[in-house]
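# Structure assessment
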Amino acid sequence: MKKIMIVLIAVLVSFTSFSQVKGSISGKICNAANSKIGLAATVSLLKATDSSLVKMAISDNMGNFSFDNVKQGSYMLLATNIGFEKAYSKTITIDEAMLSVKVESLQIAELSKDLLAVTVVSKKPFIERKADRTIINVDASLTNAGNTAMEVLEKSPGVSVDKDGNISLKGKQGVIVTIDGKQTYMGPQDLANYLQSMPASNLELIELMPNPSSKYDASGNSGLINIKTKKNKQIGFNGNVNSTYGRGKYGRTFNTVNLNYKNGKFNVFSTVGANHRKQFQVIDINRKYLNAAGKLDAVFDQQATFIKSRNNVNFKIGADYYANKKTTLGVVVNGTSAPGSQDGGNTSYLKNAFGNTNSIIRSSSFDKDTWKNIGANFNLRHTFDSTAREFTVDVDVIQYKSKQRQNFISESLSSQWVLDSLEELQSELPSNIKVFSAKADYVHPFKSGLKIETGVKASIVNTDNFAGYFNVISGTKVVDNEKTNHFIYNENINAAYINASKEFKKWSLQAGLRFENTNYDGKQFDNPIKKDSTFKRSYSGLFPTMFAGYKPNNKNEFSFSYGRRISRPDYESLNPFVFFIDKYTYEAGNPFLRPMFTNVFELSHTYNKFLTTTLNYTHSKDMFNEYFEQAGYATIVKQNNYGSIDDVSLAVNAELQPTKWWTLLPYAEFNYNAVNSTLYNFTLKTSNVGFNTNVNNQFKFNKGWGAELSAFYRSRMKTGQFDIADMGQVSMGVSKQILKKKGSLKLNFSDMFNSGQQSGTVFIQNTIASFLQVRDSRNVRLTFNYRFGKPFKAKQRKSGGAGEEQNRVKSAG
């Protein structure tokens, strides 16, 4: 610890040593109608060479503004305000001879009434590259219209989603997904279900951060994905309506209304959505059982079909109160109610080594569940002065409640389809999760250009899960104590961080250190045939991060980053109970799971702002993943720590413009991983070379017409027990602006060739299992969007979480 702190202090000192003498720019904004009247406006400081943004400021009520700590060079000023035309200054030069410049008054003129009625919509690029993240602007891709948040993620560069909905970034699982910077507190499967019920029309952008700074939670061995939802920022009353109807084998609808009112000291916003989704899933499973000599002993064949339906109603309502120019208070309340059902049926054949059927199991399942959550966020933002010193506080309170009822009926048949026996199993699975999280952050920029960020965070999670199983015998329910379980889990995580950054000449540096302390305990209650059991653990860790950027000229940019990260098991995986899927498949928890620690290194180069090449290397120890065991003819699926993994990836992406109306966005990634693990007391070493690509073509035509053709492909992947076959999809869409450009119609065709099916092989002790999964991925969707409201002039003011735990809660699908 002492050595690390010494290194950190040395880095901070080195930052300050590179400071140079800097200057200041000041001036005044006036109304052109009367040059003596000052006007509050947004003032942007731009580089004179390429008009890139350097800093922004808000002038006071008298129109006065100033910029301090301005590096030597040539600049321009841009003044903007709603209802006024833009105004530019002449070129301003800061050098040793003139370090303090006061510019002439910038006069901005009011727009005419005709111009005020025009809604100006700027076109954002689909992909933006920043120093520490890649930004996906969701609305910039018209084939996203009518999609779900999961489907948008699935075709994002570097992101892949497996057959169970687990999300990977740059070929690595363990990514943390946050919504508006707040953790979802869901496990992988339930997070996938949640994202599948979230319409893409609610999303503004997606941030992909393979190596986040120390300001963010250290969780997630492959980094962080932050999904930002839409929030109208215009002055006055505004809103939009979005409605989608889609059809694959079954129909789906997404309907959303966004409203916003901003004026004076208040900004009030809300989102209400009502969605319906029905889908099917077909899974074929084949298991070959080998004897001790490695010869085929028996074969298991199963064909299963599931039809899943869910109605989802969600809301978000919030308000910001601008107490004064420096202090903003905010509150956001959101909730979801998502009742659903799933009907399934499967037929399983147990055959001998010669392929002759010995017995048949025919099963049907009926599943109904209710899933609700409600959460509240309270936030405060205070700026101290014009140097951007800032203090923020976030407090989150969240509760999830779910109740699931299942009914399984299994018929045992002879090879001649004669009924031998019938079994009926019912289950009740209520779950209650409570989350409290609080964090505070402080940002302090110095005159030398050094910026220090520091903060603390604490979170408390309490989960209460009950699994009640009952055998139905002659119409009477009898408790099955072998499967029935009651599990309580409590967790507390405390964290603190410090982060420092500085830019000088052609370099930019950032270094940080995060400390996290984790404490948890769990208890499985006893029943007539099982004893109770408890476990408890406490551990702490340091997580350093470092970023370095170098720009030798206007055409080349280099960056390097390093970070240490942790992946904690989701709460469900720590629960030691057995979850019944069917007679031959179970899921089991593992309370002895250890966290996985990962070191991440990344080097990137950007040429001429259009071509980026990234080399990434990660090493993870105590890797945990799905682990398959065989018990007779049944397969048990659980999470287990089983070794280390090394990942190397090389990614190339570009933004090309072959013609004025055609934008081409290609992405390609090569990945190599090597696993060194111990399975069933044997050392297992595997390696795999993979490739995935994503190509997006955007076309812009006259009279408001647009089109898009996109595709992604993922090659075969082999990791540990898994060998997953390649897959890909092609989608297309057309759009038309209507209603004086305030509305739009978008028609999309997803997975045109119905290639979005997954298959693979799993190696389980003396068993080789293969699977094929077919989803309702091919569908056609029509989306209507309409923006309404008119902004009006108002006095402008300076605009004003809980993270990783929410990712580990299981929710509704």
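Residues numbered from 1 in each chain as written. Predicted model: local features only at pLDDT ≥ 70, side-chain atom pairs only at ≥ 80, totals over all residues. Heavy atoms only, no water.

Tallying secondary structure elements over the protein chain gives 5 helices and 51 strands in all. Out of the 813 residues belonging to the protein chain, those deemed buried represent 49%. As presented, the protein chain carries roughly 37200 Å² of accessible surface, and 58% of it is formed by carbon and sulfur atoms. (Helix = DSSP H or I, 4+ residues; strand = E, 2+ residues; numbered from the N terminus. Buried < 20%, exposed > 50% of the residue type's maximum accessible area, 1.4 Å probe, protein only. Areas by Shrake-Rupley, 256 points an atom, 1.4 Å probe, with all protein chains shown as cover.)

With that out of the way, let us pick up the side chain of Q630. Position of Q630 among the secondary structure elements: in strand 38 (residues 624-631). Engagement of the side chain of Q630 in a polar contact is seen with the side chain of T635, the distance being 3.2 Å. Residue contacts for Q630: discarding those within four places in its chain leaves Y289, T635, I764, Q765 and T767. (Polar contact = N/O pair within 3.5 Å; in protein donor to acceptor, adjacent residues only side chain to side chain. Contact = heavy atoms within 4.5 Å.)

Once the charged atoms of two side chains with opposite charge are near each other, the side chains can pair. Scanning the model with the defined rule gives 16 salt bridges in all. A salt bridge links D180 to K316; the shortest N-O distance between them is 3.7 Å. With D180 in the loop between strand 15 (176-179) and strand 16 (182-183) and K316 in strand 22 (residues 296-322), this residue pair connects regions lying 136 residues apart in the sequence. According to the relative accessible area criterion, D180 is partly exposed, its value standing at 32%. We classify K316 as buried; its relative accessible area is 17%. For K215, the salt bridge goes to E453, with nearest N and O atoms at 4.0 Å. A residue pair is termed long-range when its members are at least 10 positions apart, and K215 in the loop between strand 17 (203-209) and strand 18 (224-229) and E453 in strand 28 (residues 451-473) qualify at 238 residues. Salt bridges sharing common partners tie together D217, K457, R514, E516 and R568. (Salt bridge = Lys/Arg side-chain N within 4 Å of Asp/Glu carboxyl O.)

What follows covers the environment of N147. Inspection of the secondary structure assignment puts N147 in the loop between strand 12 (134-137) and helix 3 (149-154). Accessibility expressed as a relative area gives 5% for N147, which makes it buried. Each C-alpha atom of the pair N147 and A200 lies 5.4 Å from the other, and the pair is 53 residues apart in sequence.

With the exception of glycine, most residues fall at negative phi, and the peptide bonds are largely trans. Positive phi outside glycine occurs at K740, with the angle close to 55 degrees. Relative accessible area serves as the criterion here: at 83%, K740 is assigned to the exposed category. If you check the backbone angles, D751 has positive phi at about 50 degrees while not being a glycine. Its location among the elements puts D751 in the loop between strand 48 (743-750) and strand 49 (758-764).

This paragraph deals with the pairing of strand 25 (residues 357-383). In this structure, strand 23 (residues 327-337) lies alongside strand 25, joined through 11 bridges in antiparallel fashion. Opposite G330, over in strand 25, you have N379 as the bridge partner. Where strand 24 (residues 340-352) lies against strand 25, 12 bridges are found, and the strand directions are antiparallel. Within strand 25, the position partnered with L350 by the bridge is S359. In sequence, strand 24 turns back onto strand 25 through a hairpin of 4 residues, with G355 there showing a positive phi of about 90 degrees. In terms of strand pairing, strand 25 meets strand 26 (residues 390-414) through 25 bridges, oriented antiparallel. Counted as the bridge partner of W371 is S402 from strand 26. (Pairing = 2+ DSSP bridges.)

With that settled, consider the sheet that holds strand 38. Ordered by their spatial adjacency, 4 strands build an open sheet running 34-35-39-38, and the pairing between neighbours is mixed. Two strands bound the open sheet, and with one partner strand each, they are strand 34 (578-582) and strand 38. Strand-to-strand twist in this sheet, taken as the mean axis angle between neighbours without regard to direction, amounts to 25 degrees. Pairing geometry for strand 35 (residues 585-588) and strand 39 (residues 634-641), over 3 bridges, is parallel. (Axes fitted to C-alpha atoms, helices over the stretch in contact; angles between N-to-C directions.)

Attention shifts here to the nonpolar core. One finds L153, I167, L195, I206, I225 and I227 to be the most contacted residues of the largest nonpolar core, which totals 51 residues. A per-element tally of this core places helix 3 first, with 4 residues. Every residue in contact with L153, bar those within four places of it in the chain, is listed here: V159, I167, L195, I206, I225 and I227. Within the second largest apolar cluster, 21 residues are counted, among which are A41, F67, A79 and V103. (Core = buried A, V, L, I, M, F, W, Y, C linked by side-chain atoms within 4.5 Å.)

On to a nonpolar patch on the surface, then. A cluster of nonpolar residues, F601, L603, L615, Y617, V648, L650, V652, F670, Y672 and V689, forms a patch on the protein surface that exposes about 840 Å² of accessible area. The greatest single-element share of the nonpolar patch, amounting to 3 residues, is contributed by strand 40 (residues 644-654). Locating V689 in the fold gives a position in strand 43 (residues 682-700). Given the relative accessible area of 63%, V689 is considered exposed. (Patch = residues over 30% accessible without salt bridge, like charges linked within 9 Å, V, L, I, M, F, W, Y side chains within 5 Å.)

We now examine the packing of aromatic side chains. With the rule as written, the count across this model stands at 25 aromatic pairs. Between F543 and F597, the aromatic rings sit 6.4 Å apart at their centres with planes inclined by 10 degrees, giving stacked as the arrangement. A residue pair is termed long-range when its members are at least 10 positions apart, and F543 in strand 32 (residues 533-553) and F597 in strand 36 (residues 596-607) qualify at 54 residues. In this structure F597 comes out as buried when scored by relative accessible area, which is 15%. Their ring planes at 35 degrees and their centres at 6.1 Å tell us that W661 and F699 sit as a pair that is tilted. Note that W661 is positioned in the loop between strand 41 (656-659) and strand 42 (662-679) and F699 in strand 43, a separation of 38 residues in sequence. Accessibility expressed as a relative area gives 21% for F699, which makes it partly exposed. Pairwise contacts between aromatic rings join F487, Y489, Y520 and F535 into one cluster. Between the NZ or CZ atom of K249 and the centre of the ring of F280, over which it lies, the distance is 5.2 Å. (Phe/Tyr/Trp six-rings, centres within 6.5 Å; stacked < 30°, edge-to-face > 60°. Lys NZ or Arg CZ within 6 Å of the ring centre and 35° of its normal.)

This part is about the environment of N334. By the element assignment, N334 lies in strand 23. Sequence separation between N334 and F315 is 19 residues, and the spatial gap between their C-alpha atoms is 5.5 Å. The residues touching N334, leaving out its near neighbours within four places in the chain, are F315, K316, N373, I374 and G375.

This part covers the environment of K28. Turning to its location among the elements, K28 is positioned in strand 1 (residues 23-31). Given the relative accessible area of 24%, K28 is considered partly exposed. When the C-alpha atoms of K28 and V43 are compared, they prove to be 9.8 Å apart, with 15 residues separating the residues in sequence.

This next bit is on the pairing of strand 19 (residues 236-247). One ladder, built from 12 bridges, connects strand 19 with strand 20 (residues 251-263); its direction is antiparallel. Residue pairing in the sheet places N238 in a bridge with N260 of strand 20.

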